Amino acid sequence: MGTNSILCIHRNPVQLRLLKENGYELVTARNGHDGLRLFMSRPVDAIVLEYHLGLLDGSVIAARIKQVRPTVPIVMLTDHLEVPDGALNSVDAFVTKSAGVHFLMATVHFLLSVRPARSRKKSLVGQTTVHLRHPGRKRGGAAALPANAARAAMHEMDVPLSPGVWRSILNGKIQF
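Parameters at a glance
Residues numbered from 1 in each chain as written. Predicted model: local features only at pLDDT ≥ 70, side-chain atom pairs only at ≥ 80, totals over all residues. Heavy atoms only, no water. Helix = DSSP H or I, 4+ residues; strand = E, 2+ residues; numbered from the N terminus. Buried < 20%, exposed > 50% of the residue type's maximum accessible area, 1.4 Å probe, protein only. Contact = heavy atoms within 4.5 Å. Areas by Shrake-Rupley, 256 points an atom, 1.4 Å probe, with all protein chains shown as cover. Salt bridge = Lys/Arg side-chain N within 4 Å of Asp/Glu carboxyl O. pLDDT = per-residue confidence, 0-100. Arc of directions from axis to C-beta. Polar contact = N/O pair within 3.5 Å; in protein donor to acceptor, adjacent residues only side chain to side chain. Pairing = 2+ DSSP bridges. Axes fitted to C-alpha atoms, helices over the stretch in contact; angles between N-to-C directions.

(A) Looking closely at the overall build of the protein chain. Per the secondary structure count, the protein chain includes six helices and five strands. The secondary structure elements of the protein chain, listed N-terminal to C-terminal, are β-α-β-α-β-α-β-β-α-α-α. Counting the 176 residues in the protein chain, one finds 32% classified as buried. Once local pairs closer than 6 in sequence are excluded, the contacts in the protein chain between residues at least 24 apart make up 55%. If you sum the accessible surface of the protein chain, you get close to 10,900 Å²; carbon and sulfur atoms cover 55% of it.

Laid out in structure tokens, this is it:
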């Protein structure tokens, strides 16, 4: 398994050194224009993007990145919980600086490791049910789950980690 490459678009990328200390390869840019140029010139596995960047805010950069490569995970890093409406439309996760670098680290780890594994598991589950269906039985027969039960099961799989695990990460008790 290779090292994950993360594009950090941040006014002070030195603040994100914990990512490098934990084995991630960092590619850094101090503004949105440089970040977009780096994104277009080299492959990256994820992006950590500061919201307040100056002329182009993080939401504009995130939207442009998702137009080019919609599957790349983007973590928006902000000073406050409050951001304008629509600012988070193109991001996969949102972390405040006050939450700490360990929380950012856990979020990046989740987006690069746990989330893709769950996506693969979901696709396998969808394929398996088709192959295991009994011949002659209708798709919507008695063995089928009610629609809202299936949705609830999928929603449960989307929950990243329990609140207790997130608290442990925030407190620095769990590190990656």
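(B) Structural context of the side chain of Thr 96. If you trace the backbone, Thr 96 turns up in strand 5 (residues 93–96). Here Thr 96 falls in the buried class, since its relative accessible area comes to 11%. With residues near it in sequence (within four places) discarded, Thr 96 still touches Leu 77, Thr 78, His 80 and Leu 81.

(C) Main features of the pattern of salt bridges. Per the stated rule, a full pass over the model turns up eight salt bridges. With its nearest N and O atoms 2.9 Å apart, the salt bridge here joins Arg 42 to Glu 25. Placement of the pair is Arg 42 in the loop between helix 2 (32–41) and strand 3 (46–50) and Glu 25 in strand 2 (residues 25–29), with a sequence separation of 17 residues. Each of the salt bridges in this network shares a partner with another, and the network as a whole consists of Arg 11, Glu 50, Asp 79 and Lys 97.

(D) Geometry of the environment of Ile 74. Mapped onto the elements, Ile 74 comes out in strand 4 (residues 74–78). Ile 74 gets classed as buried once you look at its relative accessible area, which sits at 0%. Separated by 20 residues in the primary sequence, Ile 74 and Phe 94 have C-alpha atoms spaced 8.7 Å apart. Among all residues touching Ile 74, those that are not within four sequence positions of it are Ile 47, Leu 49, Ala 62, Ile 65, Lys 66, Ser 90, Val 91, Asp 92 and Ala 93.

(E) Structural context of the confidence of the model for the protein chain. Mean pLDDT over the protein chain works out to 75, with 64% of the residues at or above the 70 mark. Note on residues 124–159: pLDDT under 50 across the span, and eleven contacts to partners over four residues away in sequence or across chains.

(F) Geometry of helix 2. Every buried residue of helix 2 is accounted for by Gly 32, Gly 35, Leu 36 and Phe 39. The arc that holds the buried residues of helix 2, viewed along the axis, is 95°, so those residues lie on one side. Across from the buried face of helix 2, at angles greater than 90 degrees, the exposed residues are Arg 37 and Ser 41. In the core, the buried residues of helix 2 are packed alongside strand 1 (5–9), strand 2, strand 3 and helix 3 (58–68). The N-terminus of helix 2 is capped by Asn 31, whose side-chain oxygen sits 3.1 Å from the backbone nitrogen of His 33.

(G) Inspection of the sheet that holds strand 1 at higher detail. Read from one edge of the open sheet, five strands run 2-1-3-4-5, paired in parallel fashion. This sheet does not close on itself; its edge strands, each paired only once, are strand 2 and strand 5. Across the sheet, the mean angle separating the axes of adjacent strands is 20° when strand polarity is ignored. Alignment of strand 4 against strand 5, held across four bridges, turns out to be parallel. By the bridge assignment, Thr 78 is partnered in strand 5 with Thr 96.

(H) The side chain of His 10, seen in detail. Examined against the element boundaries, His 10 turns out to sit in the loop between strand 1 and helix 1 (17–21). The exposure class assigned to His 10 is buried, which follows from its relative accessible area of 2%. Reaching out from His 10, the side chain makes a polar contact with the backbone nitrogen of Asn 12 at a distance of 2.8 Å.

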